[in-house]
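# Structural characterization, general
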Amino acid sequence: MTTEFAVTPSPIVARRGQSIDLGIGLVGQNLNLIVIRGHAPLDVLADISAPDIYDQEENPTGTQRDLKPKHAEDCFAYAVGAIDLLPEDDPRAFPEIILNVRDTSVVEFYDLDDDSNLYDITSTMGLDEVEARLVGIRVRTSRLEWPKPKRAPQVSRVDGNHRLAKADELVANGDGDDEIEYPQVPFTLLVGLEVIQEARLFRDINGEHEGMETAHLDTIVYRIRDHEEMKSDPKLLPLWLAHELRRDDRAFAGMVFLGGSKAGVKKTSGAVPPVKINSLKTTIASQLRAAPGVMAALRNEPEKLLELLDRFWKAVRESFPEAWQDKRNYILLQAIGLGAFARFGGLLLDRAWDNGQIKLEDFKAALTPVAKKVSLRRTDYPGIAGAGGQQYIAELLIEAAEPDEVIKAKNLQELGGPPEDKISLS
């Protein structure tokens, strides 16, 4: 007597059938490799591929970096959220996801007029060997291993793992099958590259290109985001404040480079401004963290917070005029100086707020003993750098601004100094 057992198909076959048709692919050359380019739903590309994550002990031949779940979730939200947005208002696009078909038996390239006629295509063949430039792409899901192997996947993710990871997780768990509409995304298929060849390509794509200039990116963010929204978002507020502080009547007027081409500013002013907008943003963020009292008081008053910061930095500018104009020989506008003055400035803001001494002349009075005691010449700080250097300089500034010295300097200002600033924060 023969007993028959039911064969349970793998989950991907149950979901997709024996094969998935990815539609039309364009066969062409990318530098010295043959590639097939097409478009497919995000969840399908996630389902048929897997990362080969490098682990020095468990997978020393892997290529991919370790997954950052938060980044993967952000990528997924960006992609899925695009479906309900008007492209005129919020245009969104992914760069091509690059997959390497290591096991060529799982993918078929077929004649668009006769899908039983298959083409043999590999990425290392010559362009003159390609029989058709437009082909159909079919993935034989019945040949895909399940569960997906944790090493040496049949279809490996060369670039785009973070864009695919969250969709992969949701599909595998059966979450949101009926609720989530997955968008179409572009892909490139490499076919038949060996692991070492793929690793070299991964290095070239991820390690040999020059990263985007942060100042440029921050300027783009400022241009495209609603400024009222930026004022109310703690993460974006420092960038809004930094841009406002560079206005013509503010402390950093003419001092801030916004990224991109330097030709225009050189032609206009003869030199590139000494402070990058991303550096000023970081400085302001650090100063606000060091001023919890002021932040609590002015949390919902961004314009008044801007006025207070402007007074402080104008006082710094007037108290250290040489250092403000000479970044090469003084540390004030270098990272070590901006970081130190941010930490010191946060404490000074809170002290000034508590004492009701928030006029421009109050800040100048507080900085008078500091300017006398603390040198900002670069040559006076050999080997001082980084976050530790910032803290060291900040401690010197704080020590110089002892309360009794501040009060004395303020009294001298009141008796014989210039008129008080009459602007009120109220």
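Residues numbered from 1 in each chain as written. Predicted model: local features only at pLDDT ≥ 70, side-chain atom pairs only at ≥ 80, totals over all residues. Heavy atoms only, no water.

## Looking at the overall build of the protein chain
Keep this limit in mind: Runs of E in the DSSP output that reach at least two residues are strands. Runs of H or I that reach at least four are helices, and both are numbered from the N terminus. To get the radius of gyration, use the C-alpha atoms; to get the globule rule, take the number of residues to the power 0.38 and multiply by 2.2 Å. The cut-offs for exposure are 20% and 50% of the maximum accessible area for each residue type, with area from a 1.4 Å probe on protein chains only; residues under the lower value are buried, those over the upper are exposed, and the others partly exposed. Contact between two residues is taken to exist if any of their heavy atoms lie within 4.5 Å; hydrogens are not considered. Only four residue types enter the charge count, namely Lys and Arg as positive and Asp and Glu as negative; His and the chain termini do not. Charged groups are reduced to one reference atom each: NZ for lysine, CZ for arginine, CG for aspartic acid, CD for glutamic acid.
In terms of regular secondary structure, the protein chain is built from 17 helices and 10 strands. Computed over C-alpha atoms, the radius of gyration of the protein chain comes to 30 Å, more than 25% over the 22 Å expected from 2.2 N^0.38 for 426 residues, which places it beyond the range of a compact globule. Oriented by its inertia axes, the alpha-carbon framework of the protein chain measures out at about 110 × 45 × 45 Å. The burial tally for the protein chain puts 44% of its 426 residues in the buried class. Within the protein chain, contacts between residues separated by at least 24 positions form 75% of all contacts whose residues are at least 6 apart in sequence. Averaging the coordinates of the 51 positive side-chain charges in the protein chain and doing the same for the 69 negative ones gives two points 9 Å apart.

## Some points on the sheet that holds strand S7 (residues 155-159)
Selection criterion: Here the rule is simple: two strands pair whenever DSSP picks up at least two bridges between them. Axes here mean lines fitted to C-alpha atoms, for a helix over just the part in contact, with angles spanning 0 to 180 degrees between N-to-C directions.
Across the sheet, eight strands lie side by side as S5-S4-S6-S1-S2-S8-S3-S7; this open sheet has mixed pairing. Two strands bound the open sheet, and with one partner strand each, they are strand S5 (118-119) and S7. The sheet contact formed by strand S3 (residues 97-101) and S7 spans four bridges and is antiparallel. Following the sheet pairing, Leu99 is matched in S7 by Arg157. Along the sheet, helix H4 (residues 161-173) makes contact with S3 and S7, crossing S7 at roughly 135°.

## Some remarks on a negative patch on the surface
So the rule is basically this: Patch membership needs two things, relative accessible area over 30% and no salt bridge, and members are linked within 9 Å if like-charged or within 5 Å if nonpolar (Val, Leu, Ile, Met, Phe, Trp, Tyr). Surface accessibility in these figures is a Shrake-Rupley result with a 1.4 Å probe; residues are shielded only by whichever protein chains are displayed. Each salt bridge in this description consists of a side-chain nitrogen of Lys or Arg and a carboxyl oxygen of Asp or Glu lying within 4 Å of one another.
Together, Asp55, Glu57, Glu58 and Asp66 make up a region of like negative charge exposed at the surface. Tracing the sequence through the fold places Asp55 in the loop between helix H2 (42-48) and helix H3 (69-81).

## Digging into the pattern of salt bridges
Under the counting rule described, the total for this entry stands at 27 salt bridges. In this structure, Lys70 and Asp74 form a salt bridge, with 2.9 Å as the shortest nitrogen-oxygen distance. Note that Lys70 and Asp74 are positioned in helix H3 at a spacing of four residues, about one turn of the helix. Here Asp168 and Arg157 are joined by a salt bridge, their closest N and O atoms 2.7 Å apart. Here Arg157 lies in strand S7 and Asp168 lies in helix H4, a separation of 11 residues in the sequence. One exposure class covers both Asp168 and Arg157, and it is buried. A cluster of three or more residues bridged by salt bridges with shared partners is formed by Arg250, Glu307, Asp310, Arg311 and Lys314.

## Side note on the pairing of strand S2 (residues 33-41)
Relative to S2, strand S1 (residues 20-30) runs antiparallel, the two sharing five bridges. Bridge assignment links Gly28 to a residue of S2, and that residue is Val35. Hairpin geometry of S1 and S2 is characterised by an intervening segment of two residues between the two adjacent antiparallel strands and by a positive phi of about 55° at Leu31. The pairing of S2 with strand S8 (residues 184-191) spans six bridges and is antiparallel. Its bridge partner lying in S8, His39 is registered against Pro186.

## Details of the packing of helix H6 (residues 214-224) against helix H8 (residues 237-244)
The geometry of a pair of packed helices is captured by two quantities: the angle between their axes and the separation between those axes. Rules: Comment on the angle field: the value is read as roughly parallel under 35 degrees, roughly antiparallel over 145, roughly perpendicular from 65 to 115, and oblique elsewhere. Side-chain classes follow a simple rule in which Ala, Val, Leu, Ile, Met, Phe, Trp, Tyr, Cys and Pro form the nonpolar group, Asp, Glu, Lys and Arg form the charged group, and the remainder, Gly included, forms the polar group.
Following both chains from N to C, one finds H6 and H8 inclined at 95°, their axes separated by 10 Å at the closest point. With respect to H8, the axis of H6 lies roughly perpendicular. Where H6 approaches H8, its residues Asp218, Thr219, Val221 and Tyr222 are matched on the opposing element by Leu239, Trp240, His243 and Glu244. Its residues assigned to classes, the contact of H6 with H8 shows four nonpolar, two polar and two charged.

## Points about the side chain of Arg157
What counts is decided by this rule: Here a polar contact means two N or O atoms within 3.5 Å. Within protein one must be a hydrogen donor candidate and the other an acceptor candidate, and residues neighboring in sequence count only if both atoms are side-chain atoms.
Arg157 sits in the buried class, given a relative accessible area of 1%. A polar contact of 2.7 Å, which involves the side chain of Arg157, links it to the side chain of Asp168. Apart from the residues within four sequence positions on either side, Arg157 is in contact with Ala46, Ser49, Ala50, Pro51, Gln64, Ile98, Leu99, Lys148, Leu164, Ala165 and Asp168.

## Topic: the pairing of S1
Two elements, S1 and strand S6 (residues 134-139), share six bridges in a ladder whose sense is antiparallel. Looking at the pairing, Ile24 lines up with Gly136 of S6.

## Overview of H4
Test applied: Under the convention used throughout, the expected extent of a helix is 1.5 Å for every residue step, that is, one less than its residue count.
Compared with the 18 Å implied by 1.5 Å per residue over 13 residues, the 18 Å span of H4 between its first and last C-alpha is a close match. With respect to burial, H4 is a largely interior element, 10 of its 13 residues being buried. Regarding H4, the residues found buried are Asn161, His162, Arg163, Leu164, Ala165, Lys166, Ala167, Asp168, Leu170 and Val171. Considering only its buried residues, H4 is in contact with helix H1 (11-16), H2, H3, S3 and S7. Downstream of H4 by a residue or two, Gly174 has a phi angle that is positive, lying close to 70°.

## Brief notes about the packing of aromatic side chains
What counts here: Two rings belonging to Phe, Tyr or Trp (six-membered ring only in the last case) form a pair when the distance between their centres is within 6.5 Å. Interplanar angles under 30 degrees mark stacking, angles over 60 mark edge-to-face geometry, and anything in between is tilted. Here, a charge over a ring is recorded when the distance from Lys NZ or Arg CZ to the ring centre is within 6 Å and its angle to the ring normal is within 35 degrees.
This structure, assessed with the given rule, holds eight aromatic pairs. Between Tyr78 and Phe94, the aromatic rings sit 6.0 Å apart at their centres with planes inclined by 25°, giving stacked as the arrangement. Taken together, the positions of Tyr78 in helix H3 and Phe94 in the loop between H3 and S3 put the pair 16 residues apart, joining distant regions of the chain. Under the relative-accessibility criterion, Tyr78 is labelled partly exposed at 34%. Taking the relative accessible area as the measure of exposure, Phe94 reaches 16% and is therefore buried. Measuring from centroid to centroid gives 5.0 Å for Phe312 and Trp313, while their planes differ by 80°, and the two rings are edge-to-face. On the basis of relative accessibility, which here comes to 0%, the residue Trp313 falls in the buried class. Each member of the aromatic cluster is reached from another via a ring pair, and the members are Phe252, Phe312, Trp313, Trp324 and Phe363. Note that Arg163 overlies the ring of Phe94, its terminal NZ or CZ placed 6.0 Å from the centroid.

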